[in-house]
Amino acid sequence: METKIFDTTLRDGEQTPGVSLTLDQKLRIASKLDEMGVNIIEAGSAITSKGERDGIKKIVSEDLKAEICSFARAVKGDVDAALECGVISVHLVVPTSDLHIEHKLNKTREEVKKTAMEAIEYATDHGLIVEFSAEDATRSDYDFLKQILSEGIDMGAKRICACDTVGMLTPERSYKFYKGLTELGVPVSVHFHNDFGLAVANTLSGLRAGASQAHVTVNGIGERAGNASLEEVVISLSSLYNIKTDINFKMLYEMSKTVARTTGIYLQPNKAIVGENAFAHESGIHADGVIKNAKTYEPITPELVGHRRRFVMGKHVGSHIIRKRIKEMGLKVDDVRFEQIFKRIKALGDMGKCVTDVDLQAIAEDALDVLAEKPVELEELTIVSGNKVTPTASVKINVEGMEKIEAGVGVGPVDAAIVAIRKSVKDIADIQLEEYHVDAITGGTDALIDVVVKLKNGDNIVSSRSTQPDIIMASVEAVLGGVNKIVSDKMINESENKE
Ligand code: MN
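The shown structure was predicted, so the numbers you read here are calculated from the model rather than taken from an experiment.

Engineer: Looking at this structure, how should I read the overall build of the protein chain?
Structural biologist: Each helix and strand in the protein chain was counted, giving 16 helices and 17 strands. In terms of C-alpha radius of gyration, the protein chain reaches 30 Å, well past the compact-globule figure of 23 Å for 499 residues. The buried share among the 499 residues of the protein chain stands at 51%. When contacts within the protein chain are restricted to residue pairs at least 6 apart in sequence, those whose partners lie at least 24 apart make up 64%. Just so you have it, the protein chain exposes about 23100 Å², and 51% of that area is on carbon and sulfur atoms. Across the protein chain, the mean location of the 60 positive side-chain charges is 2 Å away from that of the 76 negative side-chain charges.

Engineer: How do you make sense of the environment of I428 when you look at a structure like this?
Structural biologist: Along the chain, I428 turns up in the loop between α15 (413-424) and β15 (432-440). For I428, a relative accessible area of 19% gives the class buried. Sequence spacing of I428 and Y178 is 250 residues, and the spatial spacing of their C-alpha atoms is 78 Å. Setting aside residues up to four positions removed in sequence, I428 forms contacts with V376, V399, E400, V487 and K490.

Engineer: Is there a simple way to think about the side chain of S464 in this case?
Structural biologist: Among the secondary structure elements, S464 is positioned in strand β17 (residues 460-468). Of the residues examined, S464 reaches a relative accessible area of 6% and is grouped as buried. Of the polar contacts made by the side chain of S464, one reaches the backbone nitrogen of G482; its length is 3.3 Å. Setting aside anything within four residues of it in sequence, one finds S464 in contact with V451, V452, V453, A478, G481, G482 and K485.

Engineer: I would appreciate a short explanation of a nonpolar patch on the surface in the present structure.
Structural biologist: Together, L433, Y436, V438 and I471 make up an exposed nonpolar region whose accessible area comes to about 300 Å². Here the nonpolar patch gets 3 residues from one element, more than from any other, and that element is β15. Overall, the relative accessible area of 34% leaves L433 in the partly exposed class.

Engineer: Is there a simple way to think about the coordination of the manganese ion in this case?
Structural biologist: Any two of four tetrahedral donors ideally make an angle of 109.5 degrees at the metal, while pairs among six octahedral donors ideally make 90 or 180 degrees. D12 (OD), H191 (NE2) and H193 (NE2) make up the full set of protein donors to the manganese ion, lying at 2.0 to 2.3 Å. Ordering the donors of the manganese ion by residue number gives the pattern D-x178-H-x1-H. Linking D12 in the loop between β1 (4-7) and α1 (23-36) with H193 in the loop between β7 (188-192) and α8 (199-208), this pair joins segments that are 181 residues apart in sequence. There is no split in this pair, since D12 and H193 are both buried.

Engineer: Before we go on, may I ask you to explain unusual backbone geometry in this structure?
Structural biologist: Although it is not a glycine, N106 sits at a positive phi angle of roughly 55 degrees. Among the secondary structure elements, N106 is positioned in the loop between α4 (98-104) and α5 (109-125). A residue is classified by how much of its surface remains accessible, and N106, at 69% relative accessible area, is exposed.

Criteria and thresholds
- Residues numbered from 1 in each chain as written.
- Predicted model: local features only at pLDDT ≥ 70, side-chain atom pairs only at ≥ 80, totals over all residues.
- Heavy atoms only, no water.
- Helix = DSSP H or I, 4+ residues; strand = E, 2+ residues; numbered from the N terminus.
- Rg over C-alpha atoms; globule rule 2.2 N^0.38 Å.
- Buried < 20%, exposed > 50% of the residue type's maximum accessible area, 1.4 Å probe, protein only.
- Contact = heavy atoms within 4.5 Å.
- Areas by Shrake-Rupley, 256 points an atom, 1.4 Å probe, with all protein chains shown as cover.
- Lys, Arg positive; Asp, Glu negative; His and termini not counted.
- Charge placed at Lys NZ, Arg CZ, Asp CG, Glu CD.
- Polar contact = N/O pair within 3.5 Å; in protein donor to acceptor, adjacent residues only side chain to side chain.
- Patch = residues over 30% accessible without salt bridge, like charges linked within 9 Å, V, L, I, M, F, W, Y side chains within 5 Å.
- Salt bridge = Lys/Arg side-chain N within 4 Å of Asp/Glu carboxyl O.
- Donors = N, O, S within 2.8 Å, 3.2 Å for Na, K, Ca; no water.

Here's what the structure looks like:
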């Protein structure tokens, strides 16, 4: 048995409050959905605007493997707009509940049926595949629903869909509801919203009842509480029901990241399958179990979905665990350095941050890079930055026992700070910044920031890094670390020359 995936990230997903995608963004997401193996991509609603049509046309022009579909109401203009875009199919939606028919459309059941049939006939006559879809189907009179869908099939619809528009079904009711619709003899789509957190459960239940296609969105984005989530549906189907889809699971994590970044709708850490904590283990018994055999606390491997396993050290972490981890990373750390590392992890814990093994590695390497003797040390740093001000930094720095105060301006706060530092050490070294590289280690705006710099003083080139929660401090510490290396090298050379 195989289930087809109808992805509506670009239509229902884009209806998420606050989300509006550009043409290029839509194209990127569509290409990736196609590469991942989605069978049908609902690329938008052609009638919406010229921009929307341009986006759909661009996606159509890419010649993707997936069937490209446009949303349409049972209105000639909607079908014409879809035709103009060159899509293969329309998701033709008609409200079927009395609530929608009377209060939204101000019509009767018979009137709605008539317009629906006309639209299906028109779309079919013009070569479109019609997926005839009932809006608010789950609050409709079931006999009327079956009747209108059945007449739609007679009129030429190739597939039918029944939408749980406000997420009212339970898994038990979903089974019965869709079972009845499969009797109509064409492929049935399930379309669930997550108002009660049941969208995925209801989807699975509808598919078990014989529906063969699931409407989903990446990360479950969509209006209100969203839609059924693509990644949860396909992995549940595969791992719990042994039902195949054409989805390449290895792309799920990357796909999720792309959609989160593009839409600005970031995930809760505990989101199933693709959340940052989906394969994270707090140090202690669980982490210990996972290290011995990952199956002890992981139902599926992170590799299956292109994710990664993380071990997290909170503020309760013991020093022996950190010592063990550092050793496993192949780093040799003496007691003084270890104390520095341990203190920083505890301090981060007190700031409410958890330290992952990747963070720990950066912190440990950072500590190993820091010289025990520091000829140059930062005492004060003040930054002024914002809109319509010139980024300015002032530093008070202790240079070999002498206090220096300097200020600098730059294109941004980091640049200004580095200018001020260069000025304050100019008597002992002429520092040039050769390279500057910044990386957020674990993602998110409160991630640890890892800054690596390459500094040049004459022929001497050194690199230095710093890992901090604050990007400006990480940059300043990295530069100062490099300055200290340069100054120490110089002092060593000078003393060797004297001898
Ligand atoms: Mn919907």
